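Breakdown of the fold
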Amino acid sequence: MKAASFSRCVHYVTGKEDAKILVSDGVLLTTIQDIIDSFEFQRQMNPRISKPVGHIALSFLPEDKDILTDEMMTKIVREYMELMGFKDTQFLLVRHFDNGNPHCHLVYNRINNEGKTITDQNDFRRNEQVTKLLKRKYGLTFSKGKGRTKTERLRGAEKTKYEIYHAVGTALLCCKSWSEFVNHLKTNGVEVELVMKRNGSKDMKDLQGMRFKKDGYSFKASQIRRGLSFTGIMSKLNSNAEKGQQRTINSQKHQSQTEQPRQETYSKQQERNDSSISLPSLGLFDTTNPVYDSAEEEFRRRMQRKKKKRGPRL
């Protein structure tokens, strides 16, 4: 995370109950205000940068709690900073104990000791690569994904990002069209913006990417979930629609196959019932006393008379 206020960030990381400073460099630790003033003094070397505060929360899984001593956590974070390129700058590392996950907060100055800006280019991707490398190196447990993250303990942009992540994931499970997907996100307070190469263009050939917005924060699709794209979303939505149609067809077939044996059983049962019914004799089936419809009998008589008049055909 990048921010503008060292005061707010330092007060947050040091103000937690049992917060413990593990290591620092280039800052005075006499008082909280001295820490803030140290960061602020160096930021004046490059006042054009609006967000000089670098803040990263490094959280580990409970399974690794026993091996994460203060010394081990400090060692891992120092190596993390080196691999991320956070060199020759002020920093403060504070450990928190307010939940079951061993974690610490790294606050560093994005204006280094020479007044130059520490780049944030591709920092999300670099972060992922570096953390995986360190987990393998130190035998740490790999998380099963963002689904295990306790979003209620997050704050600000990071909290909002995880809320968007869960909203998008839920929508991709149940929605079957783009409009349904967008409306589902709206109910969760998330807006979707298609980024075009040309302003005002509606041609999908000009589609450059997507952004998700919530609570005043805006994130690229790749920041929410690696590989997330408009094409990928549409592919998933179309797949959901096809599966829904197939389930409907299968359900109709099953219902038809179920009803047919029932109908056959009913018909056979009806035949047995009909044969067992004793009908009173009304002369309808009595061959000795046939009864015919008067109109049909009259038609038959006329035909017989005509044949007699014509005589036999040669």
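Below or above, wherever it landed, is the structure these notes cover. (Residues numbered from 1 in each chain as written. Predicted model: local features only at pLDDT ≥ 70, side-chain atom pairs only at ≥ 80, totals over all residues. Heavy atoms only, no water.)

**Digging into the pattern of salt bridges**
Under the criterion given, the structure shown has 16 salt bridges. Of the charged contacts in the structure, one is a salt bridge between Glu-193 and Lys-213, with a shortest N-O distance of 2.9 Å. Note that Glu-193 is positioned in strand 6 (residues 191-196) and Lys-213 in strand 7 (residues 207-214), a separation of 20 residues in sequence. Here the residues in one salt-bridge network are Lys-159, Glu-163, Lys-214 and Asp-215, joined through shared partners. (Salt bridge = Lys/Arg side-chain N within 4 Å of Asp/Glu carboxyl O. Helix = DSSP H or I, 4+ residues; strand = E, 2+ residues; numbered from the N terminus.)

**A closer look at the side chain of Lys-214**
Mapped onto the elements, Lys-214 comes out in strand 7. Contact partners of Lys-214, with chain neighbours within four places excluded, come to Thr-160, Glu-163, Ile-164, Asn-188, Gly-189 and Val-190. (Contact = heavy atoms within 4.5 Å.)

**A short note on the packing of helix 5 (residues 156-174) against helix 6 (residues 178-187)**
One can describe the packing of helix 5 onto helix 6 by two numbers: an axis separation of 9 Å at closest approach and a directional angle of 140°. When the axes of helix 5 and helix 6 are compared, the crossing they make is right-handed. Contacts from Ala-167, Val-168, Thr-170, Ala-171, Leu-172 and Cys-174 in helix 5 reach Glu-180, Phe-181, His-184 and Leu-185 in helix 6. Of the residues in the contact of helix 5 with helix 6, the class split is seven nonpolar, two polar and one charged. (Axes fitted to C-alpha atoms, helices over the stretch in contact; angles between N-to-C directions. Left-handed = near helix turned anticlockwise from the far one by under 90°. Nonpolar A, V, L, I, M, F, W, Y, C, P; charged D, E, K, R; others polar.)

**Remarks on the state of the cysteines**
Applying the stated rule across the entire model yields zero disulfides. With no disulfide of its own, Cys-174 lies 4.0 Å from the sulfur of Cys-175, the closest cysteine sulfur. Look at Cys-175 and you get buried, because its relative accessible area is 1%. (Disulfide = S-S within 2.5 Å. Buried < 20%, exposed > 50% of the residue type's maximum accessible area, 1.4 Å probe, protein only.)

**Section: the packing of aromatic side chains**
Under the defined criterion, the tally for this structure stands at five aromatic pairs. Look at Phe-86 and Tyr-108: their rings are 4.2 Å apart centre to centre, the planes differ by 20°, and that puts the pair in the stacked class. Of the two residues, Phe-86 is situated in the loop between helix 3 (70-84) and strand 4 (91-96) and Tyr-108 in strand 5 (residues 103-109); the sequence distance between them amounts to 22 residues. Each of the two residues, Phe-86 as well as Tyr-108, counts as buried. Taking the centre distance of 5.0 Å and the plane angle of 65° together, the rings of Trp-178 and Phe-230 count as edge-to-face. Of this pair, Trp-178 sits in helix 6 while Phe-230 is found in helix 8 (residues 230-276), placing the two residues 52 residues apart along the sequence. A relative accessible area of 22% means that Trp-178 is categorised as partly exposed. (Phe/Tyr/Trp six-rings, centres within 6.5 Å; stacked < 30°, edge-to-face > 60°.)

**Comments concerning helix 5**
The periodicity of an α-helix, 3.6 residues per turn, causes residues three or four places apart in sequence to face the same way. End to end, helix 5 covers 28 Å across 19 residues, agreeing with the expected 27 Å (1.5 Å per residue, within 8%). For helix 5, the complete set of buried residues consists of Thr-160, Lys-161, Tyr-162, Ile-164, Ala-167, Val-168, Ala-171 and Leu-172. (Expected span 1.5 Å × (residues − 1).)

**A word on the pairing of strand 3 (residues 53-59)**
Burial analysis of strand 3 places five of its seven residues in the buried class, which makes it a mostly covered element. When strand 1 (residues 2-3) meets strand 3, the two strands line up antiparallel, connected through two bridges. Each residue of the ladder has a partner; that of Ala-3, found in strand 3, is Val-53. The pairing of strand 3 with strand 5 spans seven bridges and is classified as antiparallel. Paired with Gly-54 across the two strands is Tyr-108, which belongs to strand 5. (Pairing = 2+ DSSP bridges.)

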